[in-house]
Amino acid sequence: MAIKRKPPYEIWRGAIRATIFTNEGSDGSRWCSLAVTRRYKDRQGHWQDTHSFQVQHLPLLAEVIKEAQQWMLEHSLSVEAKSLVNQLVPSTSSSSTKSARRAS
């Protein structure tokens, strides 16, 4: 039976949430995966999640995905690969971290 663990990182921008999961294969390989959702209240006033986005959500969605990409690259690569990525991918350190939180 699999043990359910909290994801190591979540990013929130308004109603948009990106949840990053870390995974390990039976061969010892490691990788990250990303789930992106949008929160909304239904007609009864209950909070729901959806995987669909309207045009007004796209700017925040792009921000969340860019920050998630940076986190995933930093946390899933070897030291040598990180060095290469840092040379090839521009830094996104200017994004706000106030709405991001690490799960403990």
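What you see is a predicted model; the values in this text were computed from it and never measured.

Conventions we followed
- Residues numbered from 1 in each chain as written.
- Predicted model: local features only at pLDDT ≥ 70, side-chain atom pairs only at ≥ 80, totals over all residues.
- Heavy atoms only, no water.
- Phe/Tyr/Trp six-rings, centres within 6.5 Å; stacked < 30°, edge-to-face > 60°.
- Helix = DSSP H or I, 4+ residues; strand = E, 2+ residues; numbered from the N terminus.
- Buried < 20%, exposed > 50% of the residue type's maximum accessible area, 1.4 Å probe, protein only.
- Contact = heavy atoms within 4.5 Å.
- Core = buried A, V, L, I, M, F, W, Y, C linked by side-chain atoms within 4.5 Å.
- 1 Å grid on protein atoms, 1.4 Å probe; cavity = no way out; pocket = protein on both sides within 12 Å on 5 of 7 lines; lining within 4 Å.
- Points joined across faces, edges and corners; volume = space filled by probe spheres on them.
- Nonpolar A, V, L, I, M, F, W, Y, C, P; charged D, E, K, R; others polar.
- Pairing = 2+ DSSP bridges.
- Polar contact = N/O pair within 3.5 Å; in protein donor to acceptor, adjacent residues only side chain to side chain.

**Re the packing of aromatic side chains**
Scanning the entire structure with this criterion turns up one aromatic pair. When the centroid spacing of 5.2 Å and the interplanar angle of 10° are considered together, the rings of Tyr9 and Trp71 count as stacked. With Tyr9 in strand S1 (residues 9-13) and Trp71 in helix H1 (residues 58-76), this pair connects stretches of sequence that are 62 residues apart. Note on accessibility: Tyr9 and Trp71 belong to one class, buried.

**A few points about the environment of Leu34**
Counting through the fold element by element, Leu34 comes out in strand S3 (residues 30-41). A C-alpha to C-alpha distance of 9.6 Å links Leu34 and Glu10, two positions 24 residues apart in sequence. Residue contacts for Leu34: discarding those within four places in its chain leaves Ala18, Thr19, Ile20, Ala68 and Met72.

**As for the nonpolar core**
Residues Tyr9, Ile11, Ile16, Ala18, Ile20, Cys32, Val36, Leu61, Val64, Ala68, Trp71 and Met72 constitute the largest nonpolar core, which totals 12 residues. Among the elements of the structure, S1, strand S2 (16-24), S3 and H1 are those that each provide at least two residues to this core. Examining the composition of this core, we find that five residues originate from one element, H1, more than from any other.

**Quick notes on empty space enclosed by the protein**
With a probe scaled to a water molecule rolled over the atoms, the places where space remains empty come into view. Inspection of every chain in the model, using the stated rule, returns one cavity of 30 Å³ or more. For the largest cavity, the full set of lining residues is Thr22, Asn23, Arg30, Trp31, Cys32, His75 and Ser76. Going through the elements one at a time, S2, S3 and H1 are the ones with two or more residues in the lining of the largest cavity. Residue composition of the lining of the largest cavity, by class: two nonpolar, four polar and one charged.

**Overview of the pairing of S3**
Relative to S3, S2 is paired through nine bridges, and the arrangement is antiparallel. Looking at S3, one finds that Glu24 is bridged to Arg30. Counted along the chain from S2 to the antiparallel partner S3, the turn is five residues long, and its residue Gly28 has a positive phi close to 90°. The pairing of S3 with strand S4 (residues 47-50) spans four bridges and is antiparallel. Within the sheet, the bridge partner assigned to Lys41 lies in S4 and is Trp47. Two successive antiparallel strands, S3 and S4, enclose a turn made up of five residues, where Gly45 displays a positive phi of approximately 85°.

**Here we look at the environment of Arg17**
The residue Arg17 is located in strand S2 in this model. Sequence spacing of Arg17 and Arg39 is 22 residues, and the spatial spacing of their C-alpha atoms is 7.8 Å. Not counting chain neighbours up to four residues away, the residues in contact with Arg17 comprise Glu10, Ile11, Trp12, Ala35, Val36, Thr37 and Asp49. At 3.4 Å, the side chain of Arg17 and the side chain of Asp49 are in polar contact.

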